[in-house]
Amino acid sequence: MIAGSAAQGVSCPDALVGRLVERGVQVIRFDHRDTGRSSVVDFDAHPYTIGDMARDCLAVLDDYGLGSAHVAGTSMGGMIAQWLGVHAPDRVRSLTVMSSSPMGHDPSLVWARARAGEPADPDDLPPPSPAFLAHLAAGLPPDVESDVALFRVFNGPVRPFDEPAARAMLELALSRATDPAAAANHHRAAWMDAPDLLAPLSSITAPTSVVHGDQDPVYPLGHGEALAAAIPGAVLHVVPGMGHVMTSPGLPEEVADLIRL
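Residues numbered from 1 in each chain as written. Predicted model: local features only at pLDDT ≥ 70, side-chain atom pairs only at ≥ 80, totals over all residues. Heavy atoms only, no water.

For the protein, an unreviewed UniProt entry supplies the name Alpha/beta fold hydrolase and the organism Nonomuraea rosea.

1. Focus on the layout of surface pockets
Inclusion rule: A pocket, in this scheme, is an open set of points on a 1 Å grid over the protein atoms alone with protein on both sides within 12 Å along at least 5 of 7 lines, while a cavity is a set where a 1.4 Å probe fits but cannot get out; residues line either one if an atom lies within 4 Å of a point. Grid points are joined across faces, edges and corners, and a volume is the space filled by probe spheres set on the points. Counting from the N terminus, the helices are DSSP H or I runs at least four residues long and the strands are E runs at least two residues long. Under the scheme applied, nonpolar residues are Ala, Val, Leu, Ile, Met, Phe, Trp, Tyr, Cys and Pro; charged residues are Asp, Glu, Lys and Arg; polar residues are all the others, including Gly.
What the second largest pocket holds in volume is close to 470 Å³. Contributing to the lining of the second largest pocket are 26 residues, with M1, Q26, I28, A69 and H70 lying nearest its centre. Listed by contribution, the elements that provide at least two residues to the lining of the second largest pocket are α2 (50–63), β1 (69–74) and β2 (92–98). Considered class by class, the residues forming the lining of the second largest pocket number 19 nonpolar, four polar and three charged.

2. So, the nonpolar core
Nonpolar side chains in soluble globular proteins generally cluster together in the buried interior. The criterion, for reference: Here, nonpolar core refers to any group of buried Ala, Val, Leu, Ile, Met, Phe, Trp, Tyr and Cys residues whose side-chain atoms link them within 4.5 Å. Here the term buried applies to any residue with accessible area under 20% of the maximum for its type, exposed to any over 50%, and partly exposed to those in between, with areas from a 1.4 Å probe on protein chains only.
Grouped together as the largest cluster of nonpolar side chains are 49 residues, with contacts concentrated most on I2, I80, L84, L95 and M103. Those elements giving two or more residues to this core turn out to be α2, α3 (76–87), β2, α6 (144–155), α7 (163–175) and α9 (221–230). Among the elements that take part in this core, α3 stands out by supplying seven residues, more than any other. The next biggest cluster of nonpolar side chains, apart from the first, holds 15 residues, and it includes C12, L16, V17 and V211.

3. Observations concerning the pairing of β2
The side chains of a regular strand alternate, residue by residue, between the two faces of the sheet. Where we set the bar: Criterion used throughout: strands pair if DSSP finds at least two bridges between them. For the handedness criterion, the strands are oriented away from the viewer, and a crossover whose path from the first strand over the helix to the second runs clockwise is classed as right-handed.
Among the seven residues that make up β2, six are buried, leaving the element largely enclosed by the rest of the structure. Pairing geometry for β1 and β2, over six bridges, is parallel. Opposite V71, over in β2, you have L95 as the bridge partner. The β-α-β motif built from β1, the intervening α3 and the parallel element β2 has right-handed crossover chirality. Strand direction decides the pairing type here: β2 and strand β3 (residues 208–213), joined by four bridges, are parallel. If you follow M98 over to β3, its bridge partner there is V211.

4. Topic: the packing of aromatic side chains
We count it as follows: Stacked, edge-to-face and tilted labels apply to pairs of Phe, Tyr and Trp rings (six-membered ring for Trp) whose centres lie within 6.5 Å, assigned for plane angles under 30 degrees, over 60, and everything in between, in that order. Look at NZ for Lys and CZ for Arg. If either is within 6 Å of the ring centre and within 35 degrees of the ring normal, a charge sits over the ring.
If you walk through the whole model with that rule in mind, you get three aromatic pairs. On the basis of an interplanar angle of 75° and a centroid distance of 5.0 Å, the ring pair of F43 and Y48 is categorised as edge-to-face. Neither residue differs from the other here; F43 and Y48 are each classed as buried. Through pairs of rings, three or more aromatic residues link up here, namely F132, F151 and F154. The residue whose ring lies beneath R33 is Y48, and the NZ or CZ to ring-centre distance is 4.6 Å.

5. Considering the pattern of salt bridges
We count it as follows: A pair is scored as a salt bridge if a Lys or Arg side-chain nitrogen falls within 4 Å of a carboxyl oxygen belonging to Asp or Glu.
Following the criterion strictly, the structure yields eleven salt bridges and no others. Salt-bridge contacts for D14 lead to R29; the nearest nitrogen and oxygen are separated by 3.0 Å. Of this pair, D14 sits in helix α1 (residues 14–22) while R29 sits in the loop between α1 and α2, and the two are 15 residues apart along the sequence. R29 gets classed as partly exposed once you look at its relative accessible area, which sits at 34%. Note that E163 and R167 form a salt bridge whose closest N and O atoms lie 2.9 Å from each other. Here E163 pairs with R167, and both are found in helix α7, just four residues apart, close to one helical turn. By relative accessible area, which is 25% here, E163 ends up partly exposed. Shared partners join several salt bridges into a network, and the residues in it are E145, R152, E163 and R167.

As structure tokens, then:
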């Protein structure tokens, strides 16, 4: 399981892990570099890319003595999963990309145009929701309360938001972070000039599922549709009412059943 930007392994819900274990697999969650208990990096001295974070995943598999694995990634973790499908196909038994976007797509310009109220480029994928852009514009100080507010936006307006569960996860993440501020480096890493992100997704050979909520405020459904269209044979599962995270009762189990094994 590959977490999203600035997220620790504990962001993958226990209920999802339990459901996958019931399906007969071992589940590996881990903390990205600059999150949780993993190494903190001086990004200015040692900048890194999505590709470097993907190679971290391969190092995790190596340390477990695993030649390959079913790979599932969420948001930025989904882009890392795509990188593995393209550049390390022998290590990927199957691929599940959740709440994500094509790895070569840089949303920063789209977001900037949307925040400035400028018209979208016809070639752009859909911009984030007004609620998400408003949260970014509010500039709330980083703490548990602002993170809970962010996750309420992430959850979307349709399914109920399990605030106690989200708060417990965010408090746990804060308590186990060596340097909470370091996770912001992921935003700097994601869109560095990296030609390996431009490799065609059509080269992915692993059986692939794309899981996307129709209420995703960060990457609206058009991102998932574009991703599924770019990967040969990919199956798109649209989850009604799902936003960008799994913070609604019963949703982690529902998503677990859609992960390709």
